[in-house]
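# Commentary on secondary and tertiary structure
Here's the letter readout for the chains.
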2 protein chains.
Amino acid sequence: MNKIEVCLSPELIHLYDLKGKIVVVVDIFRATSTMVTGLANGVSSITPVAGLETCRQMKSQGYIIAGERNGQTADGFELGNSPLSYLNNAFENKKIAVTTTNGTLTIEKSKTDAAEVLIGAFLNLKATAEYLAIQEKDVIIHCAGWKGMFNLEDSLYAGALVNSLKDHFTFECDGAIAMKALYEQNQDDLKGFLSQASHAKRLQNHNIDADIDFCLTLDKFDFIGKLEDEKLIKHPVH
Amino acid sequence: MNKIEVCLSPELIHLYDLKGKIVVVVDIFRATSTMVTGLANGVSSITPVAGLETCRQMKSQGYIIAGERNGQTADGFELGNSPLSYLNNAFENKKIAVTTTNGTLTIEKSKTDAAEVLIGAFLNLKATAEYLAIQEKDVIIHCAGWKGMFNLEDSLYAGALVNSLKDHFTFECDGAIAMKALYEQNQDDLKGFLSQASHAKRLQNHNIDADIDFCLTLDKFDFIGKLEDEKLIKHPVH
């Protein structure tokens, strides 16, 4: 069987060997949830960019630019980081370029060596698990965290994905064991458990409770988000 | 109220501000458990040293030298990293110098800015909690992990300590929330839960099951281990 590992922060990813593996990047609140939602709502592609200035300049190349820092829309950007902005096919057939505090940096740190980079969200958990189960590759779940620190929501997603894949993969990694146990303990009330968490509190301060509810919705979408040629695209499970 | 935070790896400690805080370094299997046991058995002091060569040279200065790498006694050292070696006052009134794979490096990374550095173990959990509860300082629990990676046993200790201090400290740090929940879930069978863990498996391969049992014993000792003038010493709770 292939193995599944969990890396709890982009500050730890250098300790892992990504070669030949599928890396699933997760930033539940809100980058990867928002990206998946954009893809579900017909955007043609999403280009993740680590730096604000690089992203800003992509406007002149025909991109809709989305920029978030510290939970808020960055100066000069058309969009922030809310999944709700993309509903009702609001940006159908548009190319998006996006930079966020944690998520896009985590993608950047994943893509050099990995065989494939996916983006993970509760919104397409089951689809992602189904896809991974048939790839015959080792998997690393790469949690974006918050400015390098461990965070609860990304780790719970990691636990949920390990739990979904427990019959298909071995998991000896301590991070995988711990987060699977934490998810099993709290899966019936993720929002209640996360309400203690620092980042959820930060988001509540920004009055985006609706975003939190949306990002915690399970299996709303039935496709995977995959990085191809520097762009995230919608990809079928089979 | 003062606050308590958990740092899950020495590779993340640069993200925390240690100034004015008490840092509790934990390396359950086995460095800090062994140090506490040495102090309980009458050694006069334990000097943690990050490097093998520096430690080796301290033999000529009258130290008993203890060295461990990758779970085994390092070449040329009198002692490895087993708490059982120190029982029955085997090294009473001796000065020990010690270097280990993870624990001594974690102490090294803690001591520059912190107000105080303690070593934590299940063996003196209650004593450490009682001491911290009356200091009126913020606390950071610094898990040694395994070569920079998250590990289960140090994180469970962090959760146990947060749990013991929950009425005395605020804890908004996601690491503290997660590890407290994980400890609460598994406190009645720590060994069973840890038997899945990668480091415990490594230790079992070295036939040191007795060490594991010993390191998971709760509250065998009633003092704290504290770094003073580069040496760990036995210190009363009150």
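Preceding this paragraph is the structure being described.
My aim in this report is to walk through the structure given alongside it, one point at a time.

Criteria and thresholds
- Residues numbered from 1 in each chain as written.
- Chains lettered and ligands numbered in written order.
- Predicted model: local features only at pLDDT ≥ 70, side-chain atom pairs only at ≥ 80, totals over all residues.
- Heavy atoms only, no water.
- Phe/Tyr/Trp six-rings, centres within 6.5 Å; stacked < 30°, edge-to-face > 60°.
- Helix = DSSP H or I, 4+ residues; strand = E, 2+ residues; numbered from the N terminus.
- Buried < 20%, exposed > 50% of the residue type's maximum accessible area, 1.4 Å probe, protein only.
- Lys NZ or Arg CZ within 6 Å of the ring centre and 35° of its normal.
- Polar contact = N/O pair within 3.5 Å; in protein donor to acceptor, adjacent residues only side chain to side chain.
- Contact = heavy atoms within 4.5 Å.
- Arc of directions from axis to C-beta.
- Core = buried A, V, L, I, M, F, W, Y, C linked by side-chain atoms within 4.5 Å.
- Pairing = 2+ DSSP bridges.
- Expected span 1.5 Å × (residues − 1).
- Buried area = accessible area lost by both parts, 1.4 Å probe.
- Salt bridge = Lys/Arg side-chain N within 4 Å of Asp/Glu carboxyl O.
- Nonpolar A, V, L, I, M, F, W, Y, C, P; charged D, E, K, R; others polar.
- Axes fitted to C-alpha atoms, helices over the stretch in contact; angles between N-to-C directions.
- Parallel < 35°, antiparallel > 145°, perpendicular 65-115°, else oblique.
- Least-squares fit on C-alpha atoms with pLDDT ≥ 70 in both.

## Observations regarding the packing of aromatic side chains
Inspection of every chain in the model, using the stated rule, returns 6 aromatic pairs over all chains. Relative to Tyr157 of chain B, the ring of Phe122 of chain B has its centre 5.5 Å away and its plane inclined at 80°; by these criteria the two rings are edge-to-face. Within this pair, whereas Phe122 of chain B is found in the loop between strand S7 (116-120) and helix H4 (125-133), its partner Tyr157 of chain B is found in helix H5 (residues 152-164), the two being separated by 35 residues in sequence. The same class applies to Phe122 of chain B as to Tyr157 of chain B, namely buried. It is Lys95 of chain A that lies over the ring of Tyr63 of chain A; its NZ or CZ is 4.3 Å from the centre. Its guanidinium or amino end placed over the ring of Phe223 of chain A, Lys234 of chain A lies 5.1 Å from that ring's centre, counting from NZ or CZ.

## Examining the side chain of Thr100 of chain B
Residues and elements named next belong to chain B. Along the chain, Thr100 turns up in the loop between strand S6 (95-99) and helix H3 (103-111). Overall, Thr100 belongs to the buried group, its relative accessible area being 2%. A distance of 3.1 Å separates a polar side-chain atom of Thr100 from the backbone nitrogen of Gly103. Once you skip the residues sitting within four places of it in the chain, Thr100 turns out to touch Asp27, Ala31, Glu68, Arg69 and Asn81.

## What about the environment of Ala97 of chain A?
Residue and element names in this part refer to chain A. Structurally, Ala97 can be placed in strand S6 (residues 95-99). Taking relative accessible area as the criterion, Ala97 reaches 0% and is therefore assigned buried. For the pair Ala97 and Ile64, spaced 33 residues apart in the sequence, the C-alpha separation amounts to 6.2 Å. The contact partners of Ala97, leaving out residues within four places of it in the chain, are Thr47, Cys55, Met58, Tyr63, Ile64, Ile65 and Ala66.

## Observations concerning the environment of Thr34 of chain A
Residue and element names in this part refer to chain A. Topologically, Thr34 is positioned in helix H1 (residues 31-40). With relative accessibility at 4%, the residue Thr34 sits in the buried group. Contacts of Thr34, omitting those with residues within four sequence positions, involve Asn81, Ser82, Pro83 and Tyr86.

## Quick look at H3 of chain B
Buried residues of H3 of chain B: Gly103, Thr104, Thr106, Ile107 and Ser110 of chain B, and no others. Taken end-on, H3 of chain B shows its buried residues confined to a sector of 155°, consistent with a single buried face.

## A closer look at the nonpolar core
Core analysis: the biggest nonpolar cluster contains 94 residues, and Leu132 of chain A together with Leu132 of chain B have the highest contact counts within it. The contact partners of Leu132 of chain A, leaving out residues within four places of it in the chain, are Ile22, Val24, Leu118, Val139, Leu161, Leu165 and Phe169 of chain A. Core analysis: the next-biggest nonpolar cluster, separate from the first, contains 62 residues, Val36 and Ala114 of chain A together with Cys7 and Ala66 of chain B among them.

## Concerning the pairing of S6 of chain B
Residue and element names in this part refer to chain B. Burial of S6 is extensive: 4 of the 5 residues sit out of reach of the surface. One ladder, built from 4 bridges, connects strand S3 (residues 45-48) with S6; its direction is parallel. The partner of Ile46 across the bridge, within S6, is Ile96. Strand direction decides the pairing type here: strand S4 (residues 64-69) and S6, joined by 4 bridges, are parallel. Residue Ala66 lies in a different strand from S6, and its bridge partner there is Val98.

## Looking at helix H6 (residues 174-186) of chain B
Its 13 residues place the ends of H6 of chain B 18 Å apart at the C-alpha level, agreeing with the 18 Å of an ideal helix rising 1.5 Å per residue. Those residues of H6 of chain B that fall on the buried side of the exposure criterion are Asp174, Gly175, Ala176, Ile177, Ala178, Met179, Lys180, Ala181, Leu182, Tyr183 and Asn186 of chain B.

## Here's the deal with the interface of chain B and chain A
Residue-level contacts link 29 residues of chain B with 29 residues of chain A. Interface area for chain B against chain A, summed over the two sides, is near 2,300 Å², with a carbon-plus-sulfur share of 65%. Linking chain B with chain A are 0 salt bridges. The interface formed by chain B and chain A includes 6 residue pairs in polar contact (both at pLDDT 80 or more). Every element with two or more residues in the side of chain B that touches chain A is listed here: H5, H6 and helix H8 (198-205) of chain B. Broken down by element, the residue count for the side of chain B that touches chain A peaks at 8 residues, all from H6 of chain B. For the side of chain B that touches chain A, a count of residues per class yields 14 nonpolar, 9 polar and 6 charged.

## Examining the packing of helix H5 (residues 152-164) of chain A against helix H6 (residues 174-186) of chain A
Residue and element names in this part refer to chain A. In contact at an axis separation of 7 Å, H5 and H6 are set at 95° when each is read in the N-to-C sense. With respect to H6, the axis of H5 lies roughly perpendicular. Where H5 abuts H6, its residues Leu152, Ser155, Leu156, Gly159, Ala160, Val162 and Asn163 lie against Ala176, Met179, Lys180, Leu182, Tyr183 and Glu184. Across the contact of H5 with H6, the residue classes tally to 8 nonpolar, 3 polar and 2 charged.

## Topic: the relation of the copies chain B and chain A
Once turned by 180° and shifted 0.0 Å along the axis, chain B lies on chain A with an RMSD of 0.0 Å. The relationship between the two copies is best expressed as a two-fold rotation axis. Distance from the rotation axis, computed per C-alpha, reaches its smallest value in chain B at Leu182 of chain B: 3.1 Å. Here 100% of the interface residues in chain B have copies in chain A that are interface residues too; the copies meet face to matching face.

## Topic: the pattern of salt bridges
Considering all chains together, one arrives at 20 salt bridges over all chains under this definition. A salt bridge links Lys226 of chain A to Glu116 of chain A; the shortest N-O distance between them is 3.5 Å. Within this pair, whereas Lys226 of chain A is found in strand S10 (residues 224-228), its partner Glu116 of chain A is found in strand S7 (residues 116-120), the two being separated by 110 residues in sequence. Given a relative accessible area of 10%, Lys226 of chain A falls into the buried group. Judged by its relative accessible area of 12%, Glu116 of chain A is buried. Put simply, Glu108 of chain B and Lys111 of chain B hold a salt bridge, and the shortest N to O gap is 3.4 Å. Remark: Lys111 of chain B and Glu108 of chain B occur in helix H3; sequence separation between them is 3 residues, near one turn of the helix.

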